[in-house]
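# Geometric and topological summary
Next come the chains, spelled out residue by residue.
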Amino acid sequence: MAFCSNCGAQVEGQFCQKCGKAVAASAPGGAYTPPSYPANTQPGLSINAASALCYLFGFITGIVFLVLSPYNQDRRVRFHAFQSIFLNVGVIVVHIGITILSLMFHAVSFSLGLLMSSLHLLVSLGFFLVWLYMMWKSYEGEKIVLPIIGPLAESQAGQGPPIDTIGRAA
């Protein structure tokens, strides 16, 4: 009895009934050899996934990826981690500023306070969209440098071992 070299099913004839692969004419009772798959050469997350996850929980995941061993050696991951940290600190500062202004305008007039509250919602929506965009683009492997905080993140991420175009330490 012959067995398929691709899936290991019992074969009668020239083709496997399970996977459809042609069976080579070999000695009856041929040994089953399981298909070989390439070994995973790099355990853990890909660089793009790690870069995207830097933005997931803001400065918390940014700090985590700056500490985790294989990822803190890659400039791209460090860049996204620092940019995530700086972006979230900026979001917090802007929200505190808008909240203070909103409270001040509420004291003056209810309609002005309502207008500032609407502005607060629009700014929150804008930051949410930027957050989603940054995660999406970094997962695709693109490097988006945000104004003001991007160059700061680049300068912080540049301190470390250089990497070549593939991502290995040079």
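Refer to the structure presented above.
Quick look at the structure, then.

The rules behind these values
Numbers given for residues are sequential positions, taken from 1 along each chain in its written order. With pLDDT at 70 or above as the cut-off, local features in this predicted model cover only qualifying residues; side-chain atom pairs require 80 or more to be listed or tallied, and sums for whole chains, interfaces and linings still use all residues. The basis for every side-chain value is the complete set of heavy atoms in the structure, and neither hydrogens nor water enter the calculation. Strands here are runs of E lasting at least two residues and helices are runs of H or I lasting at least four, both read from the DSSP assignment and numbered beginning at the N terminus. Accessibility here uses a 1.4 Å probe with only protein chains present; expressed as a share of the type maximum, an area under 20% marks a residue as buried, one over 50% as exposed, and anything in between as partly exposed. When checking whether two residues touch, look at their non-hydrogen atoms; a contact exists if any pair is within 4.5 Å. Between N or O atoms, a polar contact is any pair within 3.5 Å; within protein, one atom must be a potential hydrogen donor and the other a potential acceptor, and residues adjacent in sequence are included only when both atoms are from side chains. An expected span of 1.5 Å times one less than the residue number is assigned to each helix. Two rings from Phe, Tyr or Trp (for Trp, the six-membered ring) form a pair when their centres are within 6.5 Å of each other. A pair whose planes differ by under 30 degrees is stacked, one over 60 is edge-to-face, and the rest are tilted. Here, over-ring charges are defined by two tests on the NZ atom of lysine or the CZ atom of arginine: distance to the ring centre within 6 Å, and angle to the ring normal within 35 degrees. It is the directions from the helix axis to the C-beta atoms whose arc is reported. Note on terminology: a nonpolar core comprises buried Ala, Val, Leu, Ile, Met, Phe, Trp, Tyr and Cys residues joined through side-chain atoms within 4.5 Å. Here, a salt bridge means any side-chain nitrogen of Lys or Arg that lies within 4 Å of a carboxyl oxygen of Asp or Glu.

## A short note on the overall build of the protein chain
Tallying secondary structure elements over the protein chain gives 5 helices and 2 strands in all. When the helices and strands of the protein chain are listed from N to C terminus, the series reads β-β-α-α-α-α-α. Looking at the protein chain as a whole, 27% of its 170 residues are labelled buried. Look at the contacts in the protein chain between residues 6 or more apart in sequence, and 55% of them connect residues 24 or more apart.

## Observations regarding the side chain of D74
With respect to the helices and strands, D74 occurs in the loop between α2 (59–67) and α3 (75–108). On the accessibility criterion, D74 (3% relative accessible area) is buried. A distance of 3.3 Å separates a polar side-chain atom of D74 from the backbone nitrogen of V77.

## Focus: helix α4 (residues 110–139)
Relative to the 44 Å expected for 30 residues at 1.5 Å per residue, α4 spans 43 Å between its end C-alpha atoms, a close match to the ideal helical length. For α4, the set of buried residues is G113, M116, V123, M134, M135, K137 and S138. Structurally, α4 contributes buried residues whose contacts are with α1 (47–53) and α3. Note on α4: the residue one or two positions beyond its end, G141, has a positive phi of about 90°.

## A closer look at the packing of aromatic side chains
Evaluation of the coordinates by the stated rule reveals 4 aromatic pairs. Taking 5.5 Å as the distance between ring centres and 75° as the angle between the ring planes, the aromatic pair formed by F65 and Y71 counts as edge-to-face. You'll find F65 and Y71 in the same group, each marked buried. In this structure, K137 is placed above the aromatic ring of W136, and the distance from its NZ or CZ to the ring centre is 4.5 Å. Its end group placed over the ring of F79, K143 keeps NZ or CZ at 4.6 Å from the ring centre.

## A word on the environment of M135
By the secondary structure assignment, M135 is in helix α4. Residue M135 is classed as buried on the basis of its relative accessible area, which comes to 16%. When sequence neighbours within four positions are dropped, the list of residues in contact with M135 reads A52, Y55 and L56.

## Quick look at α2
Within the sequence span of α2, burial applies to T61, G62 and F65. Considered in projection along α2, the buried side chains sweep an arc of 105° and stay on one side of the axis. On its buried face, α2 is in contact with α1 and α3.

## A few points about the nonpolar core
In this structure, Y55, L87, V91, M134, M135, I144, L146 and I149 together form the largest nonpolar core, which totals 8 residues. Contributing elements (two or more residues each) for this core: α3 and α4. Look past the residues within four positions of I149 in its chain and what remains in contact with it is Q83, F86 and L87. If you look at the next biggest cluster of nonpolar residues, it comprises 7 residues, including I47, A50, Y71 and A81.

## Here we look at the pattern of salt bridges
What the rule picks out here adds up to 4 salt bridges. With a shortest N-O distance of 3.4 Å, E142 and K137 are connected by a salt bridge. A relative accessible area of 34% means that E142 is categorised as partly exposed. Relative accessible area serves as the criterion here: at 13%, K137 is assigned to the buried category.

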